[in-house]
Amino acid sequence: QVQLVESGGGLVQAGGSLRLSCAASGRTFSSYGMSWFRQAPGKEREFVAGITWSGGSTWYADSVKGRFTISRDNAKNMVYLQMNSLKPEDTAVYYCAAKAIDSWGQGTQVTVSS
């Protein structure tokens, strides 16, 4: 199994940036594609970004394309989400996930003020 712990959330003004980190434990981390999801109050959890096990391919939700960048460092068992040009509608709890094995972190709150 892979255990995931997110960090880096916080309060930021619109137009600002944040970098989320996801620390993974487990020797098999580098075997899995990883994703970021988010859930805003009163809304369903939605996909944000994904990356293959090697980091060679990435993909994004249309709502964040061109503003967010997902990356990973398998040597450090880390996944990152760089978020630029943040908007109030990006406010949500952000989750790191290894969906193939249904492993999820506890989430980190991101709040963007207008």
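Residues numbered from 1 in each chain as written. Predicted model: local features only at pLDDT ≥ 70, side-chain atom pairs only at ≥ 80, totals over all residues. Heavy atoms only, no water.

Chemist: Would you mind going over the pattern of salt bridges in detail, with residue names and values included?
Modeler: Overall, the coordinates contain 4 salt bridges when judged by the stated rule. Between E46 and R38 there is a salt bridge; the shortest N-O distance is 2.6 Å. Among the residues examined, R38 registers a relative accessible area of 5% and is labelled buried. As a salt-bridge pair, D90 and R38 come within 2.9 Å of each other at their nearest N and O atoms. Of this pair, D90 sits in the loop between β8 (78-83) and β9 (92-98) while R38 sits in strand β4 (residues 34-39), placing them 52 residues apart in sequence. Judged by its relative accessible area of 0%, D90 is buried. (Salt bridge = Lys/Arg side-chain N within 4 Å of Asp/Glu carboxyl O. Buried < 20%, exposed > 50% of the residue type's maximum accessible area, 1.4 Å probe, protein only. Helix = DSSP H or I, 4+ residues; strand = E, 2+ residues; numbered from the N terminus.)

Chemist: So what about the nonpolar core? Which residues, and what values?
Modeler: In this structure, W36, L81, M83 and Y94 are the most contacted members of the largest nonpolar core, which totals 29 residues. When residues of this core are traced back to their parent elements, those giving at least two are β3 (18-25), β4, β5 (46-51), β7 (68-73), β8, β9 and β11 (108-113). (Core = buried A, V, L, I, M, F, W, Y, C linked by side-chain atoms within 4.5 Å.)

Chemist: Talk me through the sheet that holds β8; I want residue IDs and the actual numbers.
Modeler: The strand order across the open sheet built from 4 strands is β1-β3-β8-β7, with neighbouring strands paired in antiparallel fashion. The sheet terminates laterally at β1 (3-7) and β7, the two strands that pair on one side only. On average, each strand axis in the sheet is tilted by 15° relative to the strand beside it, whichever way the strands run. In this sheet, β8 lies alongside β3 in antiparallel orientation, the contact comprising 6 bridges. Across the sheet, the residue bridging to L18 is M83, located in β8. (Pairing = 2+ DSSP bridges. Axes fitted to C-alpha atoms, helices over the stretch in contact; angles between N-to-C directions.)

Chemist: Residues and numbers for the state of the cysteines, please.
Modeler: The tally for this structure, following the rule as stated, stands at 1 disulfide. Disulfide partner of C22: C96, at an S-S distance of 2.1 Å. Handedness of the C22-C96 disulfide follows from its S-S torsion of about -80°: it is left-handed. Of the two residues, C22 sits in strand β3 while C96 sits in strand β9, which places them 74 residues apart along the sequence. Residue classification places C22 among the buried residues on the basis of a relative accessible area of 0%. (Disulfide = S-S within 2.5 Å.)

Chemist: Residues and numbers for the packing of aromatic side chains, please.
Modeler: Aromatic ring pairs are reported here in terms of the distance separating the ring centres and the angle at which the planes meet. One pass over the structure, following the stated rule, counts 2 aromatic pairs. Their ring planes at 80° and their centres at 5.7 Å tell us that F37 and F47 sit as a pair that is edge-to-face. Of the two residues, F37 sits in strand β4 while F47 sits in strand β5, which places them 10 residues apart along the sequence. What makes F47 partly exposed here is its relative accessible area of 26%. (Phe/Tyr/Trp six-rings, centres within 6.5 Å; stacked < 30°, edge-to-face > 60°.)

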